[in-house]
Amino acid sequence: MQINEYLIELTEIHLYAYHGVMQQEREVGAWFTLNTKLHIENSLCASNDEISETVSYAVVYEIICREMKSPSNLLEHVCKRICESIYSS
C-alpha cells in the first residue's frame, strides 16, 4: 500500500493577541484558540525519515505565533497571512 497524503495537525493553540476593528479590541486584546490542519501530498519523509522532506510542525507553530502578534482588523486577514507564510517557508 502506498500512502500519498499526510495530515499534520496543531490543535488548541492558545494565544493572546490584539485583533479587531474596535479600538478596545486593539488595546485590551483577547484569547484566541487556533486549530491547524495541513495536508501534505507525496511526502518522502515516510520513506527516508528526513525532516527536509516534510513540513516541520515546530516551524508552523512559530509562524502562527509570529503572525498572531501582528494586529489586524479581521481574523480572515490573519489567517491569510498565516497560510501565505506557511506555504512560502
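Scroll up for the structure.
Residues numbered from 1 in each chain as written. Predicted model: local features only at pLDDT ≥ 70, side-chain atom pairs only at ≥ 80, totals over all residues. Heavy atoms only, no water.

**Regarding a nonpolar patch on the surface**
Next, step 1: On the surface, Tyr 16, Tyr 18, Val 28 and Trp 31 cluster together to form a nonpolar patch covering roughly 440 Å² of accessible area.
Next, step 2: Locating Tyr 16 in the fold gives a position in strand 1 (residues 5-17). (Patch = residues over 30% accessible without salt bridge, like charges linked within 9 Å, V, L, I, M, F, W, Y side chains within 5 Å. Areas by Shrake-Rupley, 256 points an atom, 1.4 Å probe, with all protein chains shown as cover. Salt bridge = Lys/Arg side-chain N within 4 Å of Asp/Glu carboxyl O. Helix = DSSP H or I, 4+ residues; strand = E, 2+ residues; numbered from the N terminus.)

**A short note on the side chain of Ser 72**
Next, step 1: By the secondary structure assignment, Ser 72 is in the loop between helix 3 (57-68) and helix 4 (75-88).
Next, step 2: In this structure the side chain of Ser 72 is engaged in a polar contact, spanning 2.4 Å, whose partner is the side chain of Arg 81.
Next, step 3: Among residues more than four places away in sequence, those in contact with Ser 72 are Tyr 18, His 19, Gly 20, Arg 26, His 77, Val 78 and Arg 81. (Polar contact = N/O pair within 3.5 Å; in protein donor to acceptor, adjacent residues only side chain to side chain. Contact = heavy atoms within 4.5 Å.)

**Topic: the packing of helix 3 against helix 4**
Each pair of packed helices can be described by the angle between their axes along with the distance between the axes.
Next, step 1: It is at 9 Å that the axes of helix 3 and helix 4 come closest, and there the two elements cross at 145 degrees. When you trace helix 3 past helix 4, the crossing you get is right-handed. Residues Val 60, Ile 63, Ile 64, Arg 66, Glu 67 and Met 68 of helix 3 form the contact with helix 4, whose participating residues are Val 78, Arg 81, Ile 82, Ser 85 and Ile 86.
Next, step 2: Of the residues contributing to the contact of helix 3 with helix 4, the split by class is seven nonpolar, one polar and three charged. (Axes fitted to C-alpha atoms, helices over the stretch in contact; angles between N-to-C directions. Left-handed = near helix turned anticlockwise from the far one by under 90°. Nonpolar A, V, L, I, M, F, W, Y, C, P; charged D, E, K, R; others polar.)

In short, geometric facts, not functional conclusions.
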